[in-house]
Amino acid sequence: YLRTEQQKLFVERIRNGAGMVMLGGYHSLGPGGYGGTPLGDALPVLLGTRDVGQLTDPFLPQLTPEGVRHPIFTNIAGFFPTTTGEAKVGGLPPLDGCTRVGAPRPGATVLATCPLDVDNSPVLAIQPFGKGRTAVFCGDTTRKWQQGPRAMDQESPFLRVWGQMVRWLAGRPAVVEAEASIGPITDKGYHEPGEPIQTSAS
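Keep in mind the model is a prediction, meaning the values are calculated, not measured. (Residues numbered from 1 in each chain as written. Predicted model: local features only at pLDDT ≥ 70, side-chain atom pairs only at ≥ 80, totals over all residues. Heavy atoms only, no water.)

(A) Here's a closer look at the side chain of Asp-117. On the secondary structure map, Asp-117 appears in the loop between strand S5 (109-113) and strand S6 (122-129). Polar contacts involving the side chain of Asp-117 include one to the side chain of Arg-100, which spans 3.5 Å. Once residues within four sequence positions are removed from consideration, Asp-117 is found in contact with Leu-55 and Arg-100. (Helix = DSSP H or I, 4+ residues; strand = E, 2+ residues; numbered from the N terminus. Polar contact = N/O pair within 3.5 Å; in protein donor to acceptor, adjacent residues only side chain to side chain. Contact = heavy atoms within 4.5 Å.)

See below:
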C-alpha cells in the first residue's frame, strides 16, 4: 500500500534515528510483497517471496540467550520457554502461528524463534539501522496474551513486551509499568482494506 518513494522516506527517517517494527500476517512481510522493497530491506531478516507461507500450529516463542537478556524481555522472560528449558511462569496462551521469514541479516539479533519450525524460524528479530533501530515480529496473535490471562485474573507479559519493544525502538530501554489506564478493543482480528472498524476502550 506504500509507494516506493514513500517507503524511501520512511527508511531515511529510520536511518536518522527513528524506530520501526513490522508485524507478521497474511498480507505483510514476504506474503505482503515487501521482499526486495526499501522497507523490507531495512528489516533484520530476509523476507522471501509472496509464497513463503505461514506456520499455523499453536506455539509459544522460544527465547534465545540474547532474548533472555534483552531489555524487551526485562522482568518477563520467565513467561517464555528458552533454548535450555520450559517457561518458569505457566499459563501463557500460545500464538496461533506465525509468518515464515528467512535468515537474519548480518548484524541482526534473533530474540525469539518458533520451536515448531525445523529451521527455528525467527519470531522476533532486531537490528541497528543507521542511527535508528528496526524489528520484525512474526507471531499471530499476541492479543491472546492479554485476553486469556486477564479473564482469569492472571499476570500477563502483554503490556510489557510491547511497551518495552517500543521503548527500545525509540532508544529508551527503560521498563514500563505493567498496568495501562486504557486499552483499545476491535470488533475482530482482521479487516479488509476499506472495511469499517468498530473500536471500544476499556
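(B) Just the environment of Val-161, in detail. Along the chain, Val-161 falls in helix H5 (residues 158-169). On the accessibility criterion, Val-161 (5% relative accessible area) is buried. Measuring from C-alpha to C-alpha, the distance between Val-161 and Pro-71 comes to 9.3 Å, with 90 residues separating the pair along the chain. For Val-161, the residues in contact, after removing those within four places along its chain, are Ile-72, Phe-73, Ile-76 and Trp-145. (Buried < 20%, exposed > 50% of the residue type's maximum accessible area, 1.4 Å probe, protein only.)

(C) Highlighting helix H1 (residues 4-15). The first and last C-alpha atoms of H1 sit 16 Å apart over 12 residues, in line with the 16 Å expected at 1.5 Å per residue. For H1, the full list of buried residues reads Gln-7, Val-11 and Ile-14. One face of H1 carries all of its buried residues, which in axial projection span an arc of 55 degrees. Structural note: H1 exposes Glu-5 and Leu-9 on the side pointing more than 90 degrees away from its buried face. (Expected span 1.5 Å × (residues − 1). Arc of directions from axis to C-beta.)

(D) Summary view of the sheet that holds strand S4 (residues 97-99). If you walk across this open sheet you meet the three strands as S2-S4-S8, and the pairing is antiparallel. Only two strands of the sheet have a single neighbouring strand rather than two, namely strand S2 (54-55) and strand S8 (139-140). Of the strand pairs in this sheet, S4 and S8 are connected by two bridges, and their pairing is antiparallel. Pairing of Cys-98 across the sheet is with Gly-139, part of S8. (Pairing = 2+ DSSP bridges.)

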